[in-house]
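Residue-level structure breakdown
Residue strings, one per chain:
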Amino acid sequence: EDQVTQSPEALRLQEGESSSLNCSYTVSGLRGLFWYRQDPGKGPEFLFTLYSAGEEKEKERLKATLTKKESFLHITAPKPEDSATYLCAVLGSGSRLTFGEGTQLTVNP
Amino acid sequence: GAGVSQSPSNKVTEKGKDVELRCDPISGHTALYWYRQSLGQGLEFLIYFQGNSAPDKSGLPSDRFSAERTGGSVSTLTIQRTQQEDSAVYLCASSFSRNEQFFGPGTRLTVL
């Protein structure tokens, strides 16, 4: 059974204070690891897909990296508008995404 | 272009009533998924449709839950004889084949 664990559950940063979110996973035959952002009352918004260890992707202040056991979402110089819940999910040999419970990020001005 | 849309955005019902939730996927997307998100919990897979293949229903929590997809496009999730534990946000997503899934805004279901 595919499993995803995200840490920390909640993270509070000051504006400009860089940090990283962790996503540890076990999956049979990784077909993709996905990062989503979810704002309160909205559906998850797609951010990145990573397919193989060593791969990195960037978008504005966010950078996602992947190893064989975990993925990191690095946030550089965050702004208050980066406040959201960040979800990690894996797609294995089956047809479903398995999600972690998310990291709730708060960036204070 | 238009994203995934869901209706209604909110639904309040009484215990024991049936409800229907609707999802309009992104045009051209062949795969459609339903998930459930309960307060403080992660997204729980419910069902997956891919083209004309038989759906993967392995995530449906009970036989009170069913879903159909008509004409390879619109999908309806039906919950019969609703229970209070069915209260959650029901999210629909679509994708082209098995690539990135794009989510709708969800339907918040409250069972009184």
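**Points about the pattern of salt bridges**
All names here are of chain B.
- Counted by the stated rule, this structure contains seven salt bridges over all chains.
- As a salt-bridge pair, Arg22 and Asp24 come within 2.8 Å of each other at their nearest N and O atoms.
- Assessed through its relative accessible area of 37%, Arg22 is described here as partly exposed.
- On the basis of relative accessibility, which here comes to 22%, the residue Asp24 falls in the partly exposed class.

**Focus on the state of the cysteines**
- Enumeration over the complete set of coordinates arrives at two disulfides over all chains.
- Here Cys23 of chain A pairs with Cys88 of chain A through a disulfide, and the sulfurs are 1.9 Å apart. Negative torsions about the S-S bond denote left-handed disulfides, and the value of about -65° found for Cys23 of chain A with Cys88 of chain A makes this one left-handed. Taken together, the positions of Cys23 of chain A in strand E3 (residues 19-26) and Cys88 of chain A in strand E9 (residues 84-91) put the pair 65 residues apart, joining distant regions of the chain. We note that Cys23 of chain A, like Cys88 of chain A, is buried.
- A disulfide bridge connects Cys23 of chain B with Cys92 of chain B, and the sulfur atoms are separated by 1.8 Å. On the sign convention where negative means left-handed, the S-S torsion of about -65° between Cys23 of chain B and Cys92 of chain B marks this disulfide as left-handed.

Cut-offs used in this document
- Residues numbered from 1 in each chain as written.
- Chains lettered and ligands numbered in written order.
- Predicted model: local features only at pLDDT ≥ 70, side-chain atom pairs only at ≥ 80, totals over all residues.
- Heavy atoms only, no water.
- Salt bridge = Lys/Arg side-chain N within 4 Å of Asp/Glu carboxyl O.
- Buried < 20%, exposed > 50% of the residue type's maximum accessible area, 1.4 Å probe, protein only.
- Disulfide = S-S within 2.5 Å.
- Helix = DSSP H or I, 4+ residues; strand = E, 2+ residues; numbered from the N terminus.

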